[in-house]
Amino acid sequence: MAKKIGVMVSVVVLIVLDQLSKLWIVNNISLGSLSPFLKGVFSLTYLQNRGAAFSMLQNQQWFFMFITVIVVSLAIYYLIRHINGSCWLLIGLILVIAGGLGNFCDRLRLGYVVDMVHLDFMDFAIFNVADAYLSIGVVILMIALWREEDESHR
């Protein structure tokens, strides 16, 4: 039971951090402007992304909300079924769930996702904290699942 509560608290804390970062950006950075943060590494900006990654499929909010409900529901189901799984599996699932719900909150409340991180050292899509959770979570989840699969064949 304590593990389930810890997982739920982790997800809520991550969502709150994501939403607070977006609120700060909206209140402190003008739409479309770029503000250096860590010179040569990344700058902060404020964009309203009405699409998915790399601004694909613009203005398809209902589609993204539907996909998010499916993905997050499957991740929650898998998390519940494997609550005693490896620490890495749980971390990956927590990040995927928090990232999906963080952007879901934006789409539901605003009709778009607030993006803010501009990498100065490479040409890459502008993203937000929830996107980082999702990306890192998927990588951790793939490694955890790969390791579990590898261990089951020994």
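Reading the values: the criteria
The residue numbering used here restarts from 1 in each chain and proceeds along that chain's sequence as written. Two thresholds apply to this predicted model, a pLDDT of at least 70 for residue-level local features and 80 or more for giving and counting side-chain atom pairs, whereas whole-chain, interface and lining totals are computed over all residues. The side-chain quantities take in all heavy atoms of the structure and omit both hydrogens and water. The residues that make up patches have over 30% relative accessible area and no salt bridge, and they are joined within 9 Å when like-charged or within 5 Å when they are Val, Leu, Ile, Met, Phe, Trp or Tyr. Per-residue accessibility takes into account occlusion by the displayed protein chains alone, with areas from the Shrake-Rupley method and a 1.4 Å probe. Salt bridges are defined by distance alone: a side-chain nitrogen of Lys or Arg within 4 Å of a carboxyl oxygen of Asp or Glu. For helices the rule is a DSSP run of H or I covering at least 4 residues; for strands it is a run of E covering at least 2, with both sets numbered from the N terminus onward. Under the rule applied, a polar contact is a pair of N or O atoms within 3.5 Å (in protein, one hydrogen donor and one hydrogen acceptor; residues adjacent in sequence only if both atoms are side-chain atoms). By the convention used here, residues are in contact when the closest approach between their heavy atoms is within 4.5 Å. One requirement defines pairing of two strands: DSSP has to find at least two bridges between them. UniProt positions are given in the numbering used here, feature names are shortened, and annotations may be inferred rather than shown by experiment. Working rule for helices: expected span equals 1.5 Å times residues minus one. Accessibility here uses a 1.4 Å probe with only protein chains present; expressed as a share of the type maximum, an area under 20% marks a residue as buried, one over 50% as exposed, and anything in between as partly exposed. What the arc measures is the spread of directions leading from the helix axis to the C-beta atoms.

Considerations on a nonpolar patch on the surface
Together, Met 1, Ile 5, Met 8, Val 9, Val 13 and Leu 17 make up an exposed nonpolar region whose accessible area comes to about 620 Å². Note on placement: Val 13 falls in helix H1 (residues 2-28).

Here's the deal with the side chain of Asp 106
Mapping Asp 106 onto the fold places it in helix H3 (residues 87-110). Among the polar contacts made by the side chain of Asp 106, one reaches the main-chain amide nitrogen of Val 114 at a distance of 3.0 Å. Leaving out residues up to four positions away in the same chain, Asp 106 has contacts with Gln 19, Lys 22, Gly 111, Tyr 112, Val 113 and Val 114.

Quick word on the environment of Asn 84
Note on placement: Asn 84 falls in the loop between helix H2 (61-81) and H3. Placed 80 residues apart in sequence, Asn 84 and Lys 4 show a C-alpha to C-alpha distance of 9.6 Å.

Describing the pairing of strand S2 (residues 42-49)
The sheet contact formed by strand S1 (residues 34-38) and S2 spans four bridges and is antiparallel. The partner of Pro 36 across the bridge, within S2, is Ser 43. Where S1 hands over to S2, the hairpin turn is made up of three residues, of which Gly 40 adopts a positive phi near 85°. The pairing of S2 with strand S3 (residues 113-119) spans six bridges and is classified as antiparallel. Paired with Phe 42 across the bridge in S3 is Leu 119.

Here's the deal with the UniProt feature "active site" (unreviewed entry) in the chain
The UniProt record marks Asp 115 and Asp 131 with the feature "active site" (unreviewed entry), using the residue numbering of this structure. In sequence the annotated residues extend across 17 residues, while in space they remain close, none of their C-alpha pairs exceeding 8.8 Å. Here Asp 115 is to be found in strand S3. Ignoring sequence-local partners within four residues, the contact set of Asp 115 consists of Thr 45, Tyr 46, Leu 47, Asn 49, Ile 126, Phe 127, Asn 128 and Asp 131. Relative to the helices and strands, Asp 131 is located in helix H4 (residues 129-152).

Section: the UniProt feature "transmembrane region" (unreviewed entry) in the chain
Those residues carrying the UniProt feature "transmembrane region" (unreviewed entry) are residues 62-80, 87-104 and 124-146 in this numbering. Split by type, residues 62-80 is 100% helix and 0% strand. Its first and last C-alpha atoms lie 27 Å apart. Across residues 87-104, the secondary structure splits into 100% helix and 0% strand, with the terminal C-alpha atoms separated by 25 Å.

A few points about H2
Taking 1.5 Å as the rise per residue, H2 with 21 residues should run 30 Å; its terminal C-alpha atoms sit 30 Å apart, in good agreement. Taken as a whole, H2 has its buried residues at Gln 61, Phe 64, Met 65, Thr 68, Val 72, Ala 75 and Leu 79. For H2, the angular spread of buried residues about the axis comes to 100°, placing them on one side. When the buried face of H2 is taken as reference, the exposed residues oriented beyond 90 degrees from it are Trp 62, Phe 66, Leu 74, Tyr 77 and Arg 81. Of the surrounding elements, those touching the buried residues of H2 are H1 and H3.

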